Amino acid sequence: MSQIQDDSWRFPMPLMCSAFESGMLDYTLAQMPKDGFGAIAHAEAFYYRGLPDDACRLAEPYLTSEDLSLRLSACLICAYANLSLNRSVAARRCLRHLEETGKDPRVTENPRARASYMLFAASACVLLHFPSPVSREEFNSYAALLPEGLRLFATYALAHRSYLEGDYGRCVGMAENALSMKQGSYPVAEIFLHVMTAVGWINQHDTDRAKAHFIRAWHIAQPDDLIEMLGEHHGLLQGVLESCLKKDFPQDLARIIKITDRFSRGWRSVHNPTAGASVADNLTTTEFAISMLACRGWTNDEIAAHLQISRGTVKNRLSSAYAKLGISSRAALRQFMLL
């Protein structure tokens, strides 16, 4: 690791870096500096609240900023926001900006800047299910340089990678350990971690623990309306979201499903050039959740109980999914689910 250190470096994603109690987001934003970092913090808030147009409007001017921290922040915010707006070309352009920024000597020679870039490069790839350009070992050597909020987000990214590798125990262990060891209150990163822990538990067939973590994420998210992350992980949650919100929060559930639909369209449009026909791009959210559970070996009765629907509904939705995908068995589902 280079020994060059710039004490004037301000870490990217200032809102994610900020410790504040749930429900205090607007107050925290009001305390932000009236400069580029304040604008980026507001762009973050717009994105987390499911307002990608406003997020892009504020962050786009910083995509070519001379301040590399602002540029890194803008690249990540605009990449995800453009996915939610189904602007695949713009999303890919932001990812290229991110990659190019990583080659800047000011990033390669400054350990704090390098740590920030590595985190963002890895997290951008993990959500898209692309191979990470950064090895776990390489990133671990830099992670301690990050402030706590970004370290928590880094743990989410690593836990998500473990999920993609099929190591659900490691996914849960990393996320739960980070949550238990944290020193401050970082709502944004904590929502990511609780949601990922729920994903890990549902893939181990432990619905009670999965729901407990999702409900914790919901309790953190609801006061500040931080619902984007919930919608983005809908498919991976495999019905946990519906089972926790359908009865008491039907209007919020409907809003989250809309986020899921638009984000999924953008995600697929970016992923399809490499995935081809192996991405299920025409299933409803319910069909997708049922298909994911079926791929995991859940019976129709177990799926019905988990989603609080009838066994007949499960059977009908699976049949609809088969018809849309042109298949006739559960075994054939796996190639479409990106498990």
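Residues numbered from 1 in each chain as written. Predicted model: local features only at pLDDT ≥ 70, side-chain atom pairs only at ≥ 80, totals over all residues. Heavy atoms only, no water.

### Here's the deal with the nonpolar core
Operational definition: Residues enter a nonpolar core if they are buried and are Ala, Val, Leu, Ile, Met, Phe, Trp, Tyr or Cys, with the set joined through side-chain atoms within 4.5 Å. Throughout, exposure labels follow a simple rule: accessible area from a 1.4 Å probe, protein chains only, divided by the maximum for the residue type, with under 20% read as buried, over 50% as exposed, and the rest as partly exposed. Runs of E in the DSSP output that reach at least two residues are strands. Runs of H or I that reach at least four are helices, and both are numbered from the N terminus.
The biggest cluster of nonpolar side chains holds 123 residues, and the ones touching the most others in it are Leu15, Tyr48, Phe139, Leu150, Ile191, Phe214 and Leu230. With 12 residues, helix α5 (residues 68–84) is the single largest residue contributor to this core.

### Quick notes on the pattern of salt bridges
For clarity, the threshold we go by: Salt bridges are defined as contacts in which a side-chain nitrogen from Lys or Arg sits within 4 Å of a carboxyl oxygen from Asp or Glu.
A full pass over the atoms with the stated rule returns 14 salt bridges. A salt bridge links arginine 10 to aspartate 35, with the shortest nitrogen-to-oxygen separation between them at 3.2 Å. With a gap of 25 residues between them, arginine 10 in the segment before α1 (14–17) and aspartate 35 in the loop between α2 (25–30) and α3 (36–48) connect regions that are remote in the sequence. Taking the relative accessible area as the measure of exposure, arginine 10 reaches 39% and is therefore partly exposed. Look at aspartate 35 and you get partly exposed, because its relative accessible area is 30%. The salt bridge involving glutamate 66 is made with arginine 106; its shortest N-O contact spans 3.8 Å.

### A look at α3
Here is the rule we go by: A helix's residues, less one, multiplied by 1.5 Å, set its expected span. Each polar contact in these results corresponds to two N or O atoms within 3.5 Å; when the atoms are within protein, one needs to be able to donate a hydrogen and the other to accept it, and residues that are neighboring in sequence are counted only if both atoms are side-chain atoms.
Over its 13 residues, α3 runs 18 Å from end to end, which matches the ideal 18 Å to within 8%, given 1.5 Å per residue. Most of α3 sits out of view: 11 of its 13 residues are buried. Three or more residues of α3 are buried, namely Gly36, Phe37, Gly38, Ala39, Ile40, Ala41, Ala43, Glu44, Ala45, Tyr47 and Tyr48. Residue aspartate 35 occupies the N-cap position of α3, its side-chain oxygen lying 3.0 Å from the main-chain nitrogen of phenylalanine 37. Downstream of α3 by one or two residues, glycine 50 has phi in the positive range, about 80 degrees.

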